[in-house]
Amino acid sequence: MMEGRRKNWFFYGWVIVGVTFISNFIATGFAFYSFSVFFKPLTENFGWSREMTSYGPAISTIVSAVYAPLLGRLVDKMGGRWLISIGAIAFGLAFILMSQITSLWQYLLIFGVLQSVGHAQMGGLTTNTSVIKWFERRRGTALG
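Residues numbered from 1 in each chain as written. Predicted model: local features only at pLDDT ≥ 70, side-chain atom pairs only at ≥ 80, totals over all residues. Heavy atoms only, no water.

Caption draft 1: Representation of helix α2 (residues 35-46) in the model. In this model α2 runs 16 Å from its N-terminal to its C-terminal C-alpha over 12 residues, within 8% of the 16 Å that 1.5 Å per residue would give. Phe-35, Phe-39, Leu-42 and Thr-43 are the residues of α2 that are buried. When α2 is viewed along its axis, its buried side chains cluster within an angular range of 90° and face the same direction. The exposed residues of α2 that point more than 90 degrees off its buried face are Val-37, Lys-40, Glu-44 and Asn-45. Its buried side turned inward, α2 meets α1 (13-33), α3 (50-78) and α5 (104-122). Once α2 finishes, Gly-47 follows within two positions and takes phi at roughly 75°, a positive value. (Helix = DSSP H or I, 4+ residues; strand = E, 2+ residues; numbered from the N terminus. Expected span 1.5 Å × (residues − 1). Buried < 20%, exposed > 50% of the residue type's maximum accessible area, 1.4 Å probe, protein only. Arc of directions from axis to C-beta. Contact = heavy atoms within 4.5 Å.)

Right under this line is the structure:
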């Protein structure tokens, strides 16, 4: 359903913009920007070096890069609704499991892989594609 063809004053595409904004805000805020807050407590609590603690975000970046082509195909095939929902579950589960880690390999698996997959599915590729599919006019405004 395209924006120009709709006769009502309410266009559902703006709801999609709102939902994808919140999804992207949560995914990016928690996965990327907030990590620095937890960095020092992780190193102190577990006795890991700064290098070992930095492996989590490094693995996360690699997993995201490898997963992106597959995610692009999935977005085209399935759409954003299910992928964002599944990503939110994986993302939330990763943070719940992070509270239970006792060793480095658990941290690397949960933060580096599970959280990364959830973040990718809730992040820019899925959300931007979802918004683009709803807008013909005002696409730039909606993406902005």
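Caption draft 2: Quick look at the side chain of Thr-127. Positionally, Thr-127 belongs in helix α6 (residues 124-134). Taking the relative accessible area as the measure of exposure, Thr-127 reaches 2% and is therefore buried. Beyond its immediate sequence surroundings of up to four residues, Thr-127 is in contact with Thr-20, Ser-23, Asn-24, Ile-84 and Met-122.

Caption draft 3: A look at the nonpolar core. Core analysis: the largest hydrophobic core is formed by 11 residues, namely Phe-35, Phe-39, Leu-42, Trp-48, Ala-94, Met-98, Ile-101, Tyr-107, Leu-108, Ile-110 and Phe-111. It is α5 that contributes the most residues to this core, four residues altogether. Excluding residues within four positions of it along the chain, Leu-42 makes contact with Phe-35, Gly-47, Trp-48, Thr-53 and Tyr-107. Core analysis: the second largest hydrophobic core is formed by six residues, Phe-11, Val-17, Val-131 and Phe-135 among them. (Core = buried A, V, L, I, M, F, W, Y, C linked by side-chain atoms within 4.5 Å.)

Caption draft 4: A look at the pattern of salt bridges. One pass over the structure, following the stated rule, counts one salt bridge. Where Lys-40 meets Glu-44, a salt bridge forms, and the shortest distance between an N and an O atom there is 3.9 Å. Of this pair, Lys-40 and Glu-44 both sit in helix α2, four residues apart, roughly one helical turn. Both residues of the pair, Lys-40 and Glu-44, belong to the exposed class. (Salt bridge = Lys/Arg side-chain N within 4 Å of Asp/Glu carboxyl O.)

Caption draft 5: Structural detail: a nonpolar patch on the surface. Together, Phe-21, Ile-22, Phe-25, Ile-26 and Phe-30 make up a nonpolar patch on the protein surface, roughly 540 Å² of accessible area in all. Summarising the element assignment, Ile-22 is placed in helix α1. (Patch = residues over 30% accessible without salt bridge, like charges linked within 9 Å, V, L, I, M, F, W, Y side chains within 5 Å. Areas by Shrake-Rupley, 256 points an atom, 1.4 Å probe, with all protein chains shown as cover.)

Caption draft 6: Representation of the layout of surface pockets. Volume-wise, the largest pocket comes out at about 330 Å³. As for the largest pocket, its lining consists of 15 residues, and the residues nearest its centre are Ile-16, Gly-80, Arg-81, Ser-130 and Trp-134. The computed volume of the second largest pocket comes to approximately 240 Å³. When contributions to the lining of the second largest pocket are tallied by element, the ones reaching two or more residues are α2 and α4 (80-98). (1 Å grid on protein atoms, 1.4 Å probe; cavity = no way out; pocket = protein on both sides within 12 Å on 5 of 7 lines; lining within 4 Å. Points joined across faces, edges and corners; volume = space filled by probe spheres on them.)

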